[in-house]
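Chain by chain, the residues run as shown.
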Amino acid sequence: MPEATVRTASADVRLAADYFDGYATVGLLAVVGVLFIAVAFVAGRLLRPVVPTPEKLLTYECGVDPVGEGWAHTQVRYYVYAFLYVIFAVDSIFLFPWATVFAAPGFGGATLVEMFIFLGFLAVGLLYAWKKGVLEWT
């Protein structure tokens with residue numbers, strides 16, 4: 001009996017070593033990557049010339065000297081349109097797997113109810129955006 005216990009223990013140790021060998025490789029690669037980036041930043045800081053002049057400290061805009069203040073007003077509604085588009089595009093992606101599951105035998109009724117609940121949430125979100133006036137382009 002003691003031999004069987006020793007064999008099992010050594011097999012367990014070997015199994016654990018094989019298991020953690022993959023993690024050690026990934027960890028070593030992560031450490032090498034972080035060191036590589038740190039060395040690149042330190043080398044760049046030590047090797048570059050530092051001669052600040054007023055022209056170098058000036059904001060550069062496509063070859064034209066900046067005029068006025070650095071702050072500009074941006075219409076938020078364009079971001080809202082983009083955000084709504086992304087939401088509905090991602091949600092429409094969920095309809096394709098639903099259609100394949102709906103076609104499978106045994107999933108018809110439950111899948112149909114779940115998808116109508118999902119589409120109901122989308123409709124409520126769209127109704128909310130419409131009521132808030134987000135969809136008006138003026």
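Counting from 1, residues in each chain are numbered in the order their sequence is written. The predicted origin of the model limits local features to residues at a pLDDT of at least 70 and limits the giving and counting of side-chain atom pairs to 80 or more, whereas totals for whole chains, interfaces and linings rest on all residues. The side-chain quantities take in all heavy atoms of the structure and omit both hydrogens and water.

The next point concerns the overall build of the chain. Only runs of H or I of at least four residues qualify as helices and only runs of E of at least two qualify as strands under DSSP, and these elements are numbered from the N terminus. In terms of helices and strands, the chain carries 5 helices and 0 strands. Start at the N end of the chain and walk to the C end: the helices and strands fall as α-α-α-α-α. In the chain, buried positions account for 5% of the 138 residues. Put simply, 52% of the contacts in the chain that link residues at least 6 apart link residues at least 24 apart. Note that accessible areas follow from Shrake-Rupley with a 1.4 Å probe, and for residues the cover is restricted to the protein chains shown. Approximately 12500 Å² of the chain is accessible, and the part contributed by carbon and sulfur atoms is 73%. A 1.4 Å probe rolled over the protein chains alone gives each residue an accessible area, and that area as a share of the maximum for its type sets the label: buried under 20%, exposed over 50%, partly exposed in between. Should any heavy atoms of two residues lie within 4.5 Å, those residues are counted as being in contact.

The next subject is a nonpolar patch on the surface. Like charges within 9 Å and nonpolar side chains (Val, Leu, Ile, Met, Phe, Trp, Tyr) within 5 Å are joined into patches, using only residues over 30% in relative accessible area that form no salt bridge. Criterion for a salt bridge: a side-chain nitrogen of Lys or Arg within 4 Å of a carboxyl oxygen of Asp or Glu. On the surface, a nonpolar cluster with roughly 420 Å² of combined accessible area is contributed by Tyr85, Val86, Val90 and Phe94. Within the secondary structure layout, valine 90 lies in helix α3 (residues 77–93).

Our focus in this paragraph is the UniProt feature "transmembrane region" (unreviewed entry) in the chain. The sites that UniProt annotates as "transmembrane region" (unreviewed entry) are residues 23–47, 78–101 and 107–130. Taken end to end, residues 23–47 is 100% helix and 0% strand, and its first and last C-alpha atoms sit 36 Å apart. Spanning residues 107–130, this segment combines 96% helix with 0% strand, and its end C-alpha atoms are found 34 Å apart. UniProt positions are given in the numbering used here, feature names are shortened, and annotations may be inferred rather than shown by experiment.

Okay, the packing of α3 against helix α5 (residues 108–131) next. The geometry of α3 relative to α5 is characterised by a closest axis approach of 12 Å and an angle of 170° between their N-to-C directions. As summarised for this structure, α3 and α5 are arranged roughly antiparallel, according to the angle between their axes. Of the residues in α5, those in contact with Leu84, Phe88 and Asp91 of α3 are Phe118, Leu122, Leu126 and Ala129. Here the term charged refers only to Asp, Glu, Lys and Arg, the term nonpolar to Ala, Val, Leu, Ile, Met, Phe, Trp, Tyr, Cys and Pro, and the term polar to all other amino acids, Gly among them. Residue classes in the contact of α3 with α5 are distributed as 6 nonpolar, no polar and 1 charged. Only the contacting stretch of a helix is used when fitting its axis, a line to C-alpha atoms as for every element, and angles between N-to-C directions run 0 to 180 degrees. Should an angle lie under 35 degrees it is considered roughly parallel, over 145 roughly antiparallel, and from 65 to 115 roughly perpendicular; all remaining angles are considered oblique.

Turning our attention to the packing of helix α4 (residues 95–103) against α5. At a minimum axis separation of 9 Å, α4 and α5 run at an interaxial angle of 160°. The angle between α4 and α5 places the two elements in the roughly antiparallel class. Like other packed secondary-structure pairs, α4 and α5 cross with a definite hand, here left-handed. For the pair α4 and α5, the contacting residues are Leu95, Trp98, Val101 and Phe102 in the first and Gly108, Thr111, Leu112, Met115 and Leu119 in the second. A per-class count over the contact of α4 with α5 returns 7 nonpolar, 2 polar and no charged. The handedness criterion is simple: a crossing whose near helix is rotated anticlockwise from the far helix by less than a right angle is left-handed, and one whose near helix is rotated clockwise is right-handed.

Attention now moves to the environment of leucine 84. Here leucine 84 lies in helix α3. Once the C-alpha coordinates of leucine 84 and valine 134 are considered, the two residues, 50 residues apart in sequence, prove to be 9.6 Å apart. With sequence-adjacent residues up to four places away left out, leucine 84 is seen in contact with Ala129, Val134 and Leu135.

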